[in-house]
Amino acid sequence: MNNTEHLHALTESYLKSIIAQSCQIDASNLDVATPFTEMGIDSFYVLKLVKQLEQSFGTLPKTLLFEYFNIQDLAGYFIAQHP
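For the structure given in this document, a descriptive report is provided here.

Overview of the environment of Thr 11
Alright, step 1. Its place among the elements puts Thr 11 in helix H1 (residues 3-23).
Alright, step 2. Residue class for Thr 11 comes out buried when judged on its relative accessible area of 13%.
Alright, step 3. Separated by 72 residues in the primary sequence, Thr 11 and Pro 83 have C-alpha atoms spaced 11 Å apart.
Alright, step 4. Non-local contacts of Thr 11, meaning those with residues more than four positions away in its chain, are made with Ala 75, Phe 78 and Ile 79.

Have a look at this one:
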């Protein structure tokens, strides 16, 4: 695994843990390619997740989880925008 793949895997793992904690979902059941809506994450959880992520990354767009539809895409955003 090269450095980019490793960084992506670590970022996905971090996001899975945040999502699992905030939305009370078992992290082992989260597939990085599954759309957030199919995970049962509604607008209430979206706002909760963005608020939690802002604690680590600073101000984020409130529409973040509507622009990036799954953990895999969201990880790519954080790798590109918050290195």
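Alright, that's what it looks like, and here's the rest.
Focus: the packing of H1 against helix H4 (residues 71-81)
Alright, step 1. One can describe the packing of H1 onto H4 by two numbers: an axis separation of 9 Å at closest approach and a directional angle of 115 degrees. In this structure, H1 crosses over H4, and the sense of that crossing is right-handed. For the pair formed by H1 and H4, the contact residues are Leu 7, His 8, Thr 11, Glu 12, Leu 15, Lys 16 and Ile 19 on the first element and Ile 71, Gln 72, Leu 74, Ala 75, Gly 76, Phe 78 and Ile 79 on the second.
Alright, step 2. Class assignment of the residues belonging to the contact of H1 with H4 gives a composition of eight nonpolar, four polar and two charged.

Here we look at unusual backbone geometry
Alright, step 1. Although it is not a glycine, Gln 24 sits at a positive phi angle of roughly 55 degrees.
Alright, step 2. Relative to the helices and strands, Gln 24 is located in the loop between H1 and helix H2 (43-57).

Remarks on the environment of Cys 23
Alright, step 1. By the secondary structure assignment, Cys 23 is in helix H1.
Alright, step 2. Measuring from C-alpha to C-alpha, the distance between Cys 23 and Pro 83 comes to 25 Å, with 60 residues separating the pair along the chain.
Alright, step 3. Ignoring anything within four residues of it in the chain, the contact list for Cys 23 reads Ile 41, Tyr 45 and Leu 49.

Things to note about the packing of aromatic side chains
Alright, step 1. A complete count under the given rule lists five aromatic pairs for this structure.
Alright, step 2. Measuring from centroid to centroid gives 5.0 Å for Tyr 77 and Phe 78, while their planes differ by 75 degrees, and the two rings are edge-to-face. Pair check on accessibility: Tyr 77 and Phe 78 agree, each one buried.
Alright, step 3. Aromatic ring contacts, followed pair by pair, group Tyr 14, Phe 57, Tyr 68, Tyr 77 and Phe 78 into a single cluster.

A word on the pattern of salt bridges
Alright, step 1. The final tally for this structure, using the stated rule, is one salt bridge.
Alright, step 2. Lys 62 is paired through a salt bridge with Glu 54; the nearest N and O atoms lie 2.9 Å apart.
Alright, step 3. Look at Glu 54 and you get buried, because its relative accessible area is 19%.

Topic: the side chain of Asn 70
Alright, step 1. Inspection of the secondary structure puts Asn 70 in the loop between helix H3 (64-67) and H4.
Alright, step 2. According to the relative accessible area criterion, Asn 70 is buried, its value standing at 9%.
Alright, step 3. Of the polar contacts made by the side chain of Asn 70, one reaches the backbone oxygen of Ala 33; its length is 3.3 Å.
Alright, step 4. Leave out the neighbours within four places in its chain, and Asn 70 touches Val 32, Ala 33, Thr 34, Pro 35 and Phe 36.

Scoring rules and cut-offs
Residues numbered from 1 in each chain as written. Predicted model: local features only at pLDDT ≥ 70, side-chain atom pairs only at ≥ 80, totals over all residues. Heavy atoms only, no water. Helix = DSSP H or I, 4+ residues; strand = E, 2+ residues; numbered from the N terminus. Buried < 20%, exposed > 50% of the residue type's maximum accessible area, 1.4 Å probe, protein only. Contact = heavy atoms within 4.5 Å. Axes fitted to C-alpha atoms, helices over the stretch in contact; angles between N-to-C directions. Left-handed = near helix turned anticlockwise from the far one by under 90°. Nonpolar A, V, L, I, M, F, W, Y, C, P; charged D, E, K, R; others polar. Phe/Tyr/Trp six-rings, centres within 6.5 Å; stacked < 30°, edge-to-face > 60°. Salt bridge = Lys/Arg side-chain N within 4 Å of Asp/Glu carboxyl O. Polar contact = N/O pair within 3.5 Å; in protein donor to acceptor, adjacent residues only side chain to side chain.

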